[in-house]
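# Commentary on secondary and tertiary structure
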Amino acid sequence: MTISELRRRVNALNRKFAPELAIIKMRRLAQAVSNDWDPGEPPEPHDVIQRVVKAGFRLSTFMRLRRYLDDTIRQGDVPEPECIVLDLLPWAGKDRYRAFFRWDLPAPAR
C-alpha cells in the first residue's frame, strides 16, 4: 500500500466521522474555555468566539453562543462546556451523539 492510498483512506475516514470529530474538538475547546473562565473577570464573548474561529470552525451559530455567554456573565456563573457545544453545534444534541457528553475526554495529544 502506498502513501497516497493511505492518505485517501485517512481522508475518507475523516469525512465519514466529521460530525463526531467536530463534537470532540469543540468539546475540548469548550472545556478549556470553561476551565480558564474567571467569574470575577470573565473574558469578552468576542474573545471566546475568536478562540473558536482560530480552532478552525466557521459557523453560523456564533450569536447563540454570544447570548449564552452574555447571560452567563450577567449571572456571574461559569459556562458549561456542553452548553457551549450545543449552542455552536445544535445538531450535536441528537440522541446519536449524546454519548459524547457522558464521559470525560482524554487530554489532547501535544
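What counts and how
- Residues numbered from 1 in each chain as written.
- Predicted model: local features only at pLDDT ≥ 70, side-chain atom pairs only at ≥ 80, totals over all residues.
- Heavy atoms only, no water.
- Helix = DSSP H or I, 4+ residues; strand = E, 2+ residues; numbered from the N terminus.
- Buried < 20%, exposed > 50% of the residue type's maximum accessible area, 1.4 Å probe, protein only.
- Areas by Shrake-Rupley, 256 points an atom, 1.4 Å probe, with all protein chains shown as cover.
- Lys, Arg positive; Asp, Glu negative; His and termini not counted.
- Charge placed at Lys NZ, Arg CZ, Asp CG, Glu CD.
- Salt bridge = Lys/Arg side-chain N within 4 Å of Asp/Glu carboxyl O.
- Axes fitted to C-alpha atoms, helices over the stretch in contact; angles between N-to-C directions.
- Parallel < 35°, antiparallel > 145°, perpendicular 65-115°, else oblique.
- Contact = heavy atoms within 4.5 Å.
- Nonpolar A, V, L, I, M, F, W, Y, C, P; charged D, E, K, R; others polar.

### Quick notes on the overall build of the protein
The number of helices and strands found in the protein is 5 helices and 0 strands. Starting at the N terminus and walking to the C terminus, you meet the elements of the protein as α-α-α-α-α. Taking the principal axes of the C-alpha coordinates as reference, the protein spans close to 55 × 30 × 25 Å. Across the 110 residues in the protein, those meeting the buried criterion constitute 28%. Approximately 7700 Å² of the protein is accessible, and the part contributed by carbon and sulfur atoms is 52%. On the protein, the mean spot of the 20 positive side-chain charges and the mean spot of the 15 negative ones are 12 Å from each other.

### Details of the pattern of salt bridges
Once the charged atoms of two side chains with opposite charge are near each other, the side chains can pair. One pass over the structure, following the stated rule, counts 3 salt bridges. Between R51 and D36 there is a salt bridge; the shortest N-O distance is 3.0 Å. Taken together, the residues R51 in helix α3 (residues 45-54) and D36 in helix α2 (residues 18-36) connect sequence positions 15 residues apart. For R51, a relative accessible area of 31% puts it in the partly exposed group.

### Concerning the packing of helix α1 (residues 3-16) against α2
Direction vectors running N to C along α1 and α2 enclose 75°, while the axes themselves pass 5 Å from each other. When the axes of α1 and α2 are compared, the pair comes out roughly perpendicular. Note on element contacts: α2 touches α1 through A18, P19, E20 and L21, opposite N14, R15 and K16. Residue classes in the contact of α1 with α2 are distributed as 3 nonpolar, 1 polar and 3 charged.

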